[in-house]
Amino acid sequence: MKASDIQIGLRVRVAQNQMTALVVGRPEYYTPRSKLVRIKYENSTRYEHMINNQLEALPADEQYKALGGTYVKPEGHF
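Note that the coordinates shown come from a computational prediction; the quantities given were computed from them, not determined experimentally.

Trainee: So, the nonpolar core: which residues are in play, and what are the values?
Mentor: Counting residues in each nonpolar core, the largest one holds eleven residues, listed as Ile6, Leu10, Val12, Val14, Ala21, Val23, Val37, Ile39, Tyr41, Met50 and Leu55. If you list the elements that add at least two residues to this core, you get β1 (11-14), β2 (20-23) and β4 (34-41). Those residues in contact with Val12 that lie beyond four places of it in its chain are Met1, Met19, Thr20, Ala21, Val23, Leu55, Glu56, Ala57 and Leu58.

Shown next as structure tokens:
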């Protein structure tokens, strides 16, 4: 995934473990070809920095309404 396509609030799939996460920070410089992105895993209190090429955006219909999708967080999830 390109660093320029990353937005705060974007739902992504992490290639390393196939978990769904939410982007919670802007891409930060790591090397000239890759950036670190702060993410929060869904249904977890775990935050991590992940390299942008290890993230894949979920389809548009699985994004939150603010980003043009129809996803609504299920009751009881954090």
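Trainee: A description of the pairing of β4 should follow, citing residues and the corresponding values.
Mentor: Within β4, six of the eight residues are buried, leaving the element largely enclosed by the surrounding structure. Relative to β4, β2 runs antiparallel, the two being bridged by three bridges. Its bridge partner lying in β4, Ala21 is registered against Tyr41. Here strand β3 (residues 28-31) runs beside β4; their pairing, made up of three bridges, is antiparallel. Counted as the bridge partner of Glu28 is Leu36 from β4. Where β4 and strand β5 (residues 47-51) come together, five bridges link them in antiparallel fashion. Bridging across to β5, Val37 finds its partner in Met50.

Trainee: Which residues make up the environment of Pro27, and what are the values?
Mentor: Here Pro27 lies in the loop between β2 and β3. Expressed as a C-alpha distance, the spacing of Pro27 and Gln7, which sit 20 residues apart in the sequence, is 8.8 Å. Beyond its immediate stretch of four places on either side in the chain, Pro27 contacts Ala3, Ile6, Lys35, Leu36 and Val37.

Trainee: So, the pattern of salt bridges: which residues are in play, and what are the values?
Mentor: Side chains that carry opposite charge are capable of pairing whenever their charged atoms lie near each other. Under the criterion given, the structure shown has two salt bridges. One salt bridge connects Arg11 with Glu42, and the closest N-O pair in it is separated by 2.7 Å. Of this pair, Arg11 sits in strand β1 while Glu42 sits in the loop between β4 and β5, placing them 31 residues apart in sequence. Of the charged contacts in the structure, one is a salt bridge between Arg46 and Glu48, with a shortest N-O distance of 3.0 Å. For Arg46, a relative accessible area of 37% gives the class partly exposed. Among the residues examined, Glu48 registers a relative accessible area of 23% and is labelled partly exposed.

Thresholds applied
- Residues numbered from 1 in each chain as written.
- Predicted model: local features only at pLDDT ≥ 70, side-chain atom pairs only at ≥ 80, totals over all residues.
- Heavy atoms only, no water.
- Core = buried A, V, L, I, M, F, W, Y, C linked by side-chain atoms within 4.5 Å.
- Buried < 20%, exposed > 50% of the residue type's maximum accessible area, 1.4 Å probe, protein only.
- Helix = DSSP H or I, 4+ residues; strand = E, 2+ residues; numbered from the N terminus.
- Contact = heavy atoms within 4.5 Å.
- Pairing = 2+ DSSP bridges.
- Salt bridge = Lys/Arg side-chain N within 4 Å of Asp/Glu carboxyl O.

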